[in-house]
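Coordinate analysis (summary)
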Amino acid sequence: MSKRKLTRQQQHRIQKVQDERLARAQKKADKIESQLEGGELGEARRGLIIAHYGITTEVEAEDGTTVRCHKRSNLPPLVTGDQVIWQPDPQEGGVIVATEERRTLLSRPDSRGQLRPVASNIDRIIIVAAPTPRTPANLIDRYLVAAAHDEIHPIILLNKSDQLDQAPDMVREMEEYRDLGYETHAVSAQTEEGMQAIRALVADGNSVFVGQSGVGKSSIIAALLPDEVIRVGAISEATGKGKHTTTTAALYHIPGAGNLIDSPGIREFGLWHVETDSLFQGFPELDDAAGRCKFRDCAHETEPGCAVRAAVESGKLLPRRYHSFLSIRDSLNEVSMRK
Ligand code: GDP
Ligand code: ZN
């Protein structure tokens, strides 16, 4: 997108819109406080945020009905997946007055590079890989690092198992991940082979599917949510820097059990925010060896006495994972240098 210079008149109009929005938000916040003070709101009850639209959220009450809620202004930003306490407004909607502690939090940087929460209480990140388009193993490693960073259980799911003849080496690759201790599954969204195991996998808690475009995420999700119309949670939001599209995550109940949290942003959820220091979390086997390097600040490249390289050379560590580690580290360094 090219950045146009705004005319004075346009700047004035944007400022006016922003001022009006701020005034409205302040008025709403004041109203909420006076409603709370006056005891005008209904009794407090539990709820679950299933979608998020700018300043309002869709809260699912314990009886399964949904209600549009504002939040008290003293609360931190809320996201889909949050467990909240809310009070009904007798006129319409409700007010979120408290939040429960989050088990996990998925964040990603916004257009200004600031880390923003995207969804909470995610129990597993299902990394979808496929023989076509052939998922680079390095990409799986990147997702593993990101999942470890956010302390969310990763699962590697090889889809299009009906097309494995297109990349037979992926079978071996999956075995290697299993040997490293990662949970892996194979499935074909097309033939439905293995789908039963996936249903069992997502039968409790909140799951997200991530992976590059074309690997079959939509197909798997469609198989899990036959009757749901997937609401595409894209809303446009005017910001001080002009207009851009933000995408919001939505929570879907899988018939039977378990929830899916999905959004275009989550699907391509990446690594940009991981510090080089925490890279090892996604490479536990390298981390082990690194503890035995001669130099504490060993970069595991050309240093003498590097236990990581020694382990790679003696066949104890997979060269592929070692090179993947170096290349991810390089790319993270590039990002941090650009900041
Ligand atoms: P997404 O971009 O990850 O959401 O991928 P899609 O679900 O849109 O799938 C991309 C293409 O792969 C579509 O043409 C699907 O029909 C096809 N596809 C998805 N799953 C399978 C599978 O298990 N086997 C085969 N052969 N094709 C699949
Ligand atoms: Zn070393």
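Just so we're clear, the structure is a prediction, and the values are computed from it rather than from any experiment.

**Details of the overall build of the chain**
Scanning the chain from terminus to terminus reveals nine helices and 15 strands. A buried classification covers 43% of the 339 residues belonging to the chain. The contacts of the chain with a sequence gap of at least 6 include a subset with a gap of at least 24, amounting to 66%. Split by element, the accessible area of the chain, about 18,400 Å² in all, is 49% carbon and sulfur.

**A closer look at the confidence of the model for the chain**
Scored by pLDDT, the chain has a mean of 87; 89% of the residues are at 70 or more. In the model of the chain, strand β12 (residues 234-239) stands out as the element of lowest mean pLDDT, 33, in contrast to strand β9 (residues 153-158), which has the highest, 98. Counting interchain partners and residues more than four positions distant, the pLDDT-below-50 stretch residues 231-246 has 30 contacts.

**So, the pattern of salt bridges**
A complete count under the given rule lists 15 salt bridges for this structure. Its salt-bridge partner being Asp82, residue Arg102 comes within 2.7 Å of it at the nearest N-O pair. You can see Arg102 sitting in the loop between β5 (94-99) and β6 (105-109) and its partner Asp82 sitting in the loop between β3 (66-71) and β4 (83-88), a full 20 residues away along the chain. A salt bridge links Arg329 to Glu301; the nearest nitrogen and oxygen atoms lie 3.4 Å apart.

**Points about the coordination of the zinc ion (ligand 2)**
Ligation of the zinc ion (ligand 2) by protein atoms is provided by Cys293 (SG), Cys298 (SG), His300 (ND1) and Cys306 (SG), these donors lying 2.1 to 2.4 Å from the ion. Metal-centred angles of 101 to 117° between the four donor atoms at the zinc ion (ligand 2) mark the site as tetrahedral. One chain supplies every donor to the zinc ion (ligand 2), and in sequence these donors are spaced C-x4-C-x1-H-x5-C. With Cys293 in the loop between α7 (284-290) and α8 (307-313) and Cys306 in the loop between α7 and α8, this pair connects stretches of sequence that are 13 residues apart. For the pair Cys293 and Cys306, a shared accessibility class is recorded, and that class is buried.

**Thoughts on the site of ligand 1**
Taken together, 16 residues are adjacent to ligand 1, and Asp162, Gly214, Lys217, Ser218 and Ser219 come closest. The contact in question runs from a nitrogen atom of ligand 1 to an N or O atom on the side chain of Asn159, over 3.1 Å. In this structure, Gln163 approaches ligand 1 through a side-chain N or O atom, which is 3.2 Å from a nitrogen atom. Contact with the protein chains hides 72% of the accessible area of ligand 1, taken as 580 Å² for the molecule alone. Looking at the shell around ligand 1 element by element, the count peaks at three residues for helix α5 (residues 217-224). A breakdown of the residues in the shell around ligand 1 according to their chemical character gives two nonpolar, ten polar and four charged.

**What about the packing of aromatic side chains?**
Scanning the entire structure with this criterion turns up three aromatic pairs. Ring geometry for Phe283 versus Phe325: centroids 5.4 Å apart, planes at 85°, classification edge-to-face. With Phe283 in the loop between α6 (264-267) and α7 and Phe325 in helix α9 (residues 319-338), this pair connects stretches of sequence that are 42 residues apart. Here the aromatic residues Phe280, Phe283 and Phe325 are joined through ring pairs into a cluster of three or more. Over the ring of Trp86 we find Arg45; its NZ or CZ atom is 5.5 Å from the centre of that ring.

**Examining the sheet that holds strand β11 (residues 206-210)**
Pairing in this open sheet of six strands is mixed, and the strands run β10-β9-β8-β11-β15-β14 from one edge to the other. Because the sheet does not close on itself, it has two edges, and the strands there are β10 (183-186) and β14 (250-253). On average, each strand axis in the sheet is tilted by 30° relative to the strand beside it, whichever way the strands run. Here β11 runs beside strand β15 (residues 259-262); their pairing, made up of two bridges, is parallel. When the bridges of β15 are listed, Asn206 appears paired with Asn259. The strands touched by helix α3 (residues 169-179) are β8 (124-129), β9 and β10; relative to β9, the strand with the most contacts, the crossing angle is about 160°.

**Topic: α3**
Looking at α3, one finds that the buried residues are Met170, Glu173, Met174, Glu176 and Tyr177. The buried side chains of α3 occupy one side of the element, clustering within an arc of 155° when seen end-on. Within α3, the exposed residues directed more than 90 degrees away from the buried face are Arg172 and Asp179.

**Quick look at the side chain of Ser207**
Looking at the secondary structure, you find Ser207 in strand β11. Among the residues examined, Ser207 registers a relative accessible area of 0% and is labelled buried. Here Arg124 takes part through its side chain, which lies 2.8 Å from a polar atom of the side chain of Ser207. Not counting residues up to four positions away in its chain, the partners in contact with Ser207 are Arg124, Ile126, Val202, Asn259, Leu260 and Ile261.

**A closer look at unusual backbone geometry**
Put simply, Thr132 and Pro133 share a cis peptide bond, and its omega is -10°. With respect to the helices, strands and loops of the structure, Pro133 is situated in the loop between β8 and α2 (137-149). At Glu192, a position not held by glycine, the phi torsion is positive, near 75°. You can see Glu192 is positioned in the loop between β10 and α4 (195-201). The exposure class of Glu192 is partly exposed, given its relative accessible area of 40%.

Quick notes on the rules
Residues numbered from 1 in each chain as written. Chains lettered and ligands numbered in written order. Predicted model: local features only at pLDDT ≥ 70, side-chain atom pairs only at ≥ 80, totals over all residues. Heavy atoms only, no water. Helix = DSSP H or I, 4+ residues; strand = E, 2+ residues; numbered from the N terminus. Buried < 20%, exposed > 50% of the residue type's maximum accessible area, 1.4 Å probe, protein only. Contact = heavy atoms within 4.5 Å. Areas by Shrake-Rupley, 256 points an atom, 1.4 Å probe, with all protein chains shown as cover. pLDDT = per-residue confidence, 0-100. Salt bridge = Lys/Arg side-chain N within 4 Å of Asp/Glu carboxyl O. Donors = N, O, S within 2.8 Å, 3.2 Å for Na, K, Ca; no water. Tetrahedral: all angles 85-135°; square planar, octahedral: opposite > 155°, others 65-115°. Near = heavy atom within 4 Å. Polar contact = N/O pair within 3.5 Å; in protein donor to acceptor, adjacent residues only side chain to side chain. Nonpolar A, V, L, I, M, F, W, Y, C, P; charged D, E, K, R; others polar. Phe/Tyr/Trp six-rings, centres within 6.5 Å; stacked < 30°, edge-to-face > 60°. Lys NZ or Arg CZ within 6 Å of the ring centre and 35° of its normal. Pairing = 2+ DSSP bridges. Axes fitted to C-alpha atoms, helices over the stretch in contact; angles between N-to-C directions. Arc of directions from axis to C-beta.

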